[in-house]
Amino acid sequence: MISLVKKLGAWGAVLPLLGYCAIALGLPIWAILWDGLHLTNPQNTSETTGSLTLANLTTSWHGIYLKGLETSLRLSLFTAIISALVGLFAAYAIAQSKGRYFKQAVLTASGVLANFGGIPLAFCFIATIGTGGVFLSWIQSVWPSFALDTFSGVAVVYPYFLIPLMVLTTLPALDGLREQWKEASANLGGTSWQYWRHIGGPLLFPAALGGFVLCFGSSFAAYATAKALTDGTVPLVTTQIASILSGNVIAGENDLGMALAFNTVIVCGVMMAVYLPLRKRSAKWLES
Amino acid sequence: MHRITKLACAAAAVTLAASACSSNSSTTSSGSGSTNWATVTSASAGGGMTALIAAAKAEGSLNVIALPPTWANYGTLMAEFKAKYGITVNDANPNGSSGDEINAIEHDKGLATAPDVVDVGNSHALPNTNLFSDYEVSTWANIPAGLKDANGSWYGDYGGYISIGCVAAKVAPAPCPTTFAELLDSSYTADYKGKVSLDGDPTSANAAFSGVWAAALASGGSLSNIQPGISYFGKLKSNGEFNATGDTESTIEAGSTDITIDWEYLNSQYASDLKSKGITMSVAIPTDGLYSAYYDQAISKYAPHPAAARLWEEFLYSAEGQNGFMGGYARPVEFAAMQSAGTLDATDEKLLPTVSGSVSYPTESELTTAQNAVTSGWATALG
Amino acid sequence: MRSASISASHSPAAAPVGARRPKRRGLDLSRVRWWRVAVLGVLGIYFVVPLAATFWFTFYTPGTHQFSLSPYGQIFSAKGFGTSVLLTFKVAVLTIVILYALLIPAMIAVQLRLPKLKPLLESLAMVPLVLSPVALVVGVQTVLGWGTNGNPGTPLFQLAVDLQNGNFPLILPIIYVVIALPFAYRSLDAQLRSVDLKTLVEASRGLGASWPVTIWRAVLPNLRTGLLSGAILTLALVFGEYTISSILQFLPFSVWIVQDSQGATSGQLAPAVSLLSLLLSWAVLFLVSFLGGRRAAGSNRSS
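Residues numbered from 1 in each chain as written. Chains lettered and ligands numbered in written order. Predicted model: local features only at pLDDT ≥ 70, side-chain atom pairs only at ≥ 80, totals over all residues. Heavy atoms only, no water.

## Concerning the overall build of chain A
The criterion, for reference: Put simply, DSSP marks the helices as runs of H or I at least four residues long and the strands as runs of E at least two long, and each gets a number from the N terminus on. Exposed residues in this analysis have more than 50% of their type's maximum accessible area, buried residues have under 20%, and partly exposed residues fall in between, with area computed by a 1.4 Å probe over protein chains only. In this description, accessible areas are obtained by the Shrake-Rupley approach with a 1.4 Å probe, and a residue is regarded as covered only by the protein chains that are shown.
Looking only at helices and strands, chain A has 13 helices and zero strands in total. Moving toward the C terminus, one meets the helices and strands of chain A in the order α-α-α-α-α-α-α-α-α-α-α-α-α. With the C-alpha coordinates aligned to their principal axes, the bounding extent of chain A is approximately 80 × 70 × 30 Å. Taking all 288 residues of chain A together, 60% fall into the buried category. Taken as a whole, chain A presents about 11,600 Å² of accessible surface, with 69% of it coming from carbon and sulfur.

This is the structure:
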């Protein structure tokens, strides 16, 4: 049993982080929840401004908003899975290479590209495979119904910042896989498959899972790129939030926007509920 | 590790020290003398234009928000204002939206960087009169009655009609469309394929929302029924003609959006810019779907520079300011009055596309109904 | 599924221990190399072609058959370039410092002593990720408004004002720490697992080192790749972040660049500007990683 002093010391190391998050993250989320649960724009005389209400939350779970949430989830899951797989393999390929400058260049380029998005990224793809784009005909020769301003179009663009993100977060773990372990395994008569099954896989899986989760979250929160590409024809909860809170058409519905934002926090909670048990099992795999 | 950490610690220390030492004036600057310009409702009530100019100069700067320099010639107008009165114009968040402007008024009270004046669409001006200060410019009578608030809370400044811009060379052999009906003409469908665009998402961009409304008016809808407009674009999409990429000058130049349904002042600005790139773009106002909207000026109730704010309004509504808008291809709100008085800039006037027919403007409730219809119907009709 | 796709690239040929080993490894490696080249090649095309197409668009005007790099030259000479880059850099450095000062002790403590807190930490590192930046910034505006909507004399008011000082808005690093938290956490977490923290710390403490020295000299050098990639991600994040800083009306590099390209009468300027900002960010990051990388050669022996 760890002594009380040691435990207190450990808590002392953790409390600054928790305190900081409570203020810098907790306060804005509190403000979001508060706004979501109160009326700012009463639609009929029986309601008064500022009264407590569930109306915003219920609206956000129906109709076009529900569709937006569903499409967002579908898009995020799909792009996250693809980017995680490709990114993992790319990170493996990069970790294997010997050139130090090459690795640094790729690492830093990944950092920059992982944050590249919005209208500039949309324009890069419009210039390439949008209508009038140079390479559109090439793509359409293998994929006749492809169009950039659809769900598939957005799904083609998102990995542009998701794959670098995956590379960046799994490269440290892949770097940690020492080449000696592979040789040792081969020396003992193990095949590659066995190496990955018993050594490499368990070590890599938590980092890969974490990277996937990061990709999913990043994909879910993105909105400017999809907005520029699809004019709202692909409903996403994040573009809906932006239209309400920071748009030129809808006014006075900030409470609904905040309710939608709170839904994203709920999504996060659900994801955690799925992810944490998975991670526990992966830890057990390592011990087995 | 040492060198990096030394650098980091030094940088952190410097920045923390800098932020601690820098002072920030947060009190609102009061006007000179005894006039509290924050409550003055007209120049004459405050002691005349000379007093206003003196008070504004004393304040020294003006905070505007969300004014792109190439939108309705705002860049030139801000520069002219500065040159004329020596007052610095701080343009925050130039790509911001009307929603950002209202948010800024609500949340930035007490900050020296709070916005003094805003330029918002009707959808954001009408419901937020409690955030604005009443003020009537000297040329108040020249503003048409339907385009200003009776109490002086907000007032239209410039506007335009929804137009159809078109790069003739790219849609040939089909002609450039001049009506909404032409866009659905089956003989031109192949030529228009993938080329028709709006200026963004109708639930978020005013120009796109207005484009849908103009299409509604052309398809049997009215100011109280925007649904035919949504169906119109649904049909365009199923024909393969609609390109959901929002049009910008870059996308037109890249050849992605050759037909743009947008405000006439934006299309005309693009046309004039693209001429030097060897691209000829025409701008036509559709005869079957006449929709126009004016943006509104308003002074924030919590403006840190109330005198400068009022001087800015006086400037925008003078002949100089109104002609300035026209230089950016927008229709100044005092157009009719200036035409009779002969103060319109003749050269700029000729640049405006011809319009035949009259328009009326939607009421606040009609706006809300239309917004709700578009929010729930757009993605379903076009998804 | 994942291991299957990776192991497909390895030849599963069994061989007796000893004699044939070098040959199998030779075969193994060349097949892997082929796969690596193919995947990296395809990815290279995916990432480079859109950038190249955009560059071509800014460089060549088909209507007048002109080639010109003029959009790029305008940026450096424009007013405010240096100020905005410096501001962004300062904000980024402060963000990284605060972030690591909070994260590293916490992660070590949780790994060693408080494993039950791991799920909480993981959740904390997830929430900022999925939260829409627009909603977050409006939430922050509301919270700041609690200060500024109060009486001008109160300390809360003054705090809210100081946080938003235009010369150095402290509120920006404060928010960015929260946003960068998921990325930095993942990078560190990925590497923390592969390091035998318990043994390291016990050995170091056993030799009489105090906690700070243990962390500084024993633990951190082993986390260098994770620390570096987390720092790079944060730096890139701050340089690329636009929504929050523009709505709060500050002028870091990303906002300045949009503002600067606004006065243009050219559709080629905006894409040129974004390409240039990509390149500049990469250059800054590369230089920074170089400084860290140089140390790697020296300290590898000590880890």
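## Observations concerning the overall build of chain C
Rules: By definition in these notes, contact holds between two residues if any of their heavy atoms fall within 4.5 Å.
Along its length, chain C carries 15 helices and two strands. The buried share of chain C, reckoned over its 303 residues, is 55%. Sequence-distant contacts, at least 24 apart, represent 71% of the contacts inside chain C between residues at least 6 apart. Accessible surface computed for chain C: about 12,900 Å², of which carbon and sulfur atoms make up 68%.

## Examining unusual backbone geometry
All names here are of chain B. Cis geometry is adopted by the peptide bond preceding Pro173, which originates at Ala172 and carries an omega value of 5 degrees. Take Pro173: it is sitting in the loop between α6 (168-171) and α7 (180-183). The phi torsion at Asn73 lies on the positive side, around 65 degrees, for a residue other than glycine. As for its position among the elements, Asn73 is in the loop between β1 (61-65) and α3 (74-85).

## Here we look at the pattern of salt bridges
Operational definition: Salt bridge, as used here: a side-chain nitrogen of Lys or Arg that lies within 4 Å of a carboxyl oxygen of Asp or Glu.
Applying the stated criterion across every chain yields a total of six salt bridges over all chains. Here Arg331 of chain B ties to Glu264 of chain B by a salt bridge, and the two come within 2.5 Å at their closest N and O atoms. Of the two residues, Arg331 of chain B sits in strand β10 (residues 331-332) while Glu264 of chain B sits in helix α12 (residues 264-275), which places them 67 residues apart along the sequence. Like Arg331 of chain B, the residue Glu264 of chain B is buried in the burial classification. Notably, a salt bridge pairs Lys198 of chain C with Glu202 of chain C, separated by 3.2 Å at the nearest N-O pair. Residue Lys198 of chain C and its partner Glu202 of chain C are located together in helix α10 (residues 197-206), separated by four residues, close to a single helical turn. According to the relative accessible area criterion, Lys198 of chain C is exposed, its value standing at 52%. For Glu202 of chain C, a relative accessible area of 49% gives the class partly exposed.

## Quick notes on the environment of Thr178 of chain B
Residues and elements named next belong to chain B. We count it as follows: Between N or O atoms, a polar contact is any pair within 3.5 Å; within protein, one atom must be a potential hydrogen donor and the other a potential acceptor, and residues adjacent in sequence are included only when both atoms are from side chains.
Relative to the helices and strands, Thr178 resides in the loop between α6 and α7. The partly exposed category is assigned to Thr178, whose relative accessible area is 39%. Between the C-alpha atoms of Thr178 and Pro94, which are 84 residues apart in sequence, the distance is 32 Å. Sequence-distant contacts of Thr178, defined by excluding residues within four places in its chain, comprise Ile164, Ala284, Ile285, Pro286 and Thr287. At 3.0 Å, the side chain of Thr178 and the side chain of Glu182 are in polar contact.

## Notes on the pairing of β1 of chain B
All names here are of chain B. Applied cut-off: Two strands qualify as a pair provided that DSSP identifies no fewer than 2 bridges between them. Consider the strands pointing away from the viewer: the crossover is right-handed when the path from the first strand over the helix to the second runs clockwise.
Counting buried positions along β1 gives five out of five residues, so the element sits mostly inside the fold. Burial of the side chains of β1 extends over both faces: Ser61, Asn63 and Ile65 are buried on one face and Leu62 and Val64 on the other. Pairing between β1 and strand β2 (residues 88-92): five bridges, direction parallel. Bridge assignment links Leu62 to a residue of β2, and that residue is Val89. In terms of handedness, the path from β1 via α3 over to β2 forms a crossover that is right-handed.

## Some remarks on the packing of helix α8 (residues 159-176) of chain A against helix α9 (residues 171-194) of chain C
Rules: Every axis corresponds to a line fitted to the C-alpha atoms, with the helix fit spanning only the stretch in contact, and the corresponding angles, defined between N-to-C directions, vary from 0 to 180 degrees. Should an angle fall under 35 degrees it is taken as roughly parallel, and over 145 as roughly antiparallel, whereas 65 to 115 is taken as roughly perpendicular and any remaining angle as oblique. What makes a crossing left-handed is the near helix being turned counterclockwise from the far one by less than a right angle; a clockwise turn instead makes it right-handed. Three classes are used, and their members are as follows: Ala, Val, Leu, Ile, Met, Phe, Trp, Tyr, Cys and Pro are nonpolar, Asp, Glu, Lys and Arg are charged, and the others, Gly among them, are polar.
Interhelical geometry of α8 of chain A versus α9 of chain C gives an angle of 30 degrees and a closest axis separation of 6 Å. The orientation of α8 of chain A with respect to α9 of chain C, classified from their angle, is roughly parallel. Between α8 of chain A and α9 of chain C lies a crossing of right-handed hand. Taken together, the residues of α9 of chain C that come into contact with α8 of chain A (itself represented by Leu165, Thr169, Pro172 and Ala173 of chain A) are Phe183, Arg186, Ser187, Ala190 and Gln191 of chain C. Tallied by class, residues from the contact of α8 of chain A with α9 of chain C come to five nonpolar, three polar and one charged.

## Let's talk about the interface of chain C and chain A
When the parts of a complex come together, some accessible area is lost, and that lost area is often used as the size of the interface. The line we're drawing: Reported buried area values correspond to the accessible surface (1.4 Å probe) lost by two parts on association, with both partners' losses combined.
Residue-level contacts link 93 residues of chain C with 101 residues of chain A. Overall, the association of chain C and chain A removes approximately 8,600 Å² of surface from exposure, summing both partners, and the carbon and sulfur fraction of that is 78%. Our enumeration of links across chain C and chain A arrives at zero salt bridges. Here the residues of the side of chain C that touches chain A are counted per class, giving 62 nonpolar, 19 polar and 12 charged.

## A short note on the state of the cysteines
Here is the rule: Criterion for a disulfide: a pair of cysteine sulfur atoms at a distance within 2.5 Å.
Taken as a whole, this structure holds one disulfide over all chains when the rule is applied. Its sulfur unpaired, Cys268 of chain A is 12 Å from the next cysteine sulfur, which belongs to Cys21 of chain A.

## Concerning the packing of helix α3 (residues 63-96) of chain A against helix α17 (residues 364-382) of chain B
α17 of chain B packs onto α3 of chain A with a crossing angle of 45 degrees between their chain directions and a minimal axis gap of 9 Å. As far as their axial angle goes, α17 of chain B and α3 of chain A are oblique. Note on packing geometry: the crossing formed by α3 of chain A with α17 of chain B is left-handed. On the side of α3 of chain A, the interface is formed by Ile64, Tyr65 and Lys67 of chain A, while α17 of chain B contributes Thr375, Ser376, Ala379 and Thr380 of chain B. In terms of residue class, the contact of α3 of chain A with α17 of chain B is made up of three nonpolar, three polar and one charged.

## Some remarks on the nonpolar core
The test is simple: The set of buried Ala, Val, Leu, Ile, Met, Phe, Trp, Tyr and Cys residues whose side-chain atoms join them within 4.5 Å is what this entry labels a nonpolar core.
Within the largest apolar cluster, 267 residues are counted, with the highest numbers of intra-cluster contacts made by Phe233, Trp263 and Trp312 of chain B. In terms of residues, this core owes the most to one element, helix α4 (residues 81-112) of chain C, which gives 17 residues. Discounting chain neighbours no more than four positions away, the residues touching Trp263 of chain B are Trp71, Gly160, Tyr161, Ile162, Ser163, Asn206, Ala207, Ser210, Tyr291, Ala293 and Tyr295 of chain B.

## Overview of the packing of aromatic side chains
As a reminder, the rule being used: We call Phe, Tyr and Trp rings a pair once their centres come within 6.5 Å, taking the six-membered ring for Trp, and we label the pair stacked below 30 degrees between planes, edge-to-face above 60, and tilted otherwise. Two limits define a charge over a ring: the Lys NZ or Arg CZ must be within 6 Å of the ring centre, and within 35 degrees of the ring normal.
In total, this model carries 43 aromatic pairs over all chains according to the counting rule given. Aromatic pair Phe180 of chain B and Tyr232 of chain B: ring centres 5.6 Å apart, planes at 90 degrees, arrangement edge-to-face. One end of the pair, Phe180 of chain B, is in helix α7; the other, Tyr232 of chain B, is in helix α10 (residues 227-238), and 52 residues separate them in sequence. Among the residues examined, Tyr232 of chain B registers a relative accessible area of 5% and is labelled buried. By way of ring pairs, the aromatic residues Trp71, Tyr74, Tyr158, Trp263, Tyr265, Tyr295 and Phe325 of chain B are connected into one cluster. Stacked on the ring of Phe151 of chain A, the Lys or Arg Arg74 of chain A has its end atom at 4.8 Å from the ring centre.

## Concerning the confidence of the model for chain C
Keep in mind that low pLDDT regions are not for reading the predicted coordinates in detail. All names here are of chain C. This is how it is decided: The pLDDT value tells you how sure the predictor is about a given residue, anywhere from 0 up to 100.
Of the residues in chain C, 82% have a pLDDT of 70 or more, and the chain-wide mean is 77. In the model, residues 1-27 has pLDDT below 50 throughout and makes 35 contacts with residues more than four positions away in sequence or in other chains. Low confidence marks residues 295-303, where pLDDT is under 50. Its contacts with residues over four positions away, or in another chain, come to six contacts. This prediction of the complex comes with two scores: 0.85 for pTM and 0.85 for ipTM.

## Side note on the pairing of strand β5 (residues 155-167) of chain B
Residue and element names in this part refer to chain B. With 13 of its 13 residues buried, β5 lies for the most part within the structure. Pairing geometry for β5 and β10, over two bridges, is antiparallel. Along β10, the bridge assignment pairs Gly159 with Arg331.

## Things to note about the confidence of the model for chain A
When the pLDDT values of chain A are averaged, the result is 84; 94% of them are 70 or greater. Of all helices and strands in chain A, the one with the weakest mean pLDDT is helix α9 (residues 179-187) of chain A (77), whereas helix α7 (residues 151-157) of chain A scores best (93).

## A word on the side chain of Thr88 of chain C
Residue and element names in this part refer to chain C. For Thr88, the position within the fold is in helix α4. By relative accessible area, Thr88 is classed as buried at 1%. Only 2.7 Å separates the side chain of Thr88 from the backbone oxygen of Ser84, close enough to count as a polar contact. A distance of 2.8 Å separates a polar side-chain atom of Thr88 from the backbone nitrogen of Phe253. Those residues in contact with Thr88, other than ones at most four positions away along the chain, are Val238, Phe239, Pro252 and Phe253.

## Considerations on α10 of chain C
Residue and element names in this part refer to chain C. Cut-off, in case you're wondering: Of all possible arcs, the one meant is that of the directions from the helix axis to the C-beta atoms.
Along α10, the residues that are buried comprise Leu197, Val201 and Ser204. Mapping the buried residues of α10 onto a view down its axis gives an arc of 70 degrees, with all of them on the same face. The outward face of α10, more than 90 degrees from its buried face, is lined by the exposed residues Lys198 and Gly206. Looking at the buried side of α10, the elements it contacts are α4 and α11 (211-219). Looking one or two residues past α10, Gly208 carries a phi angle of roughly 100 degrees, positive in sign.

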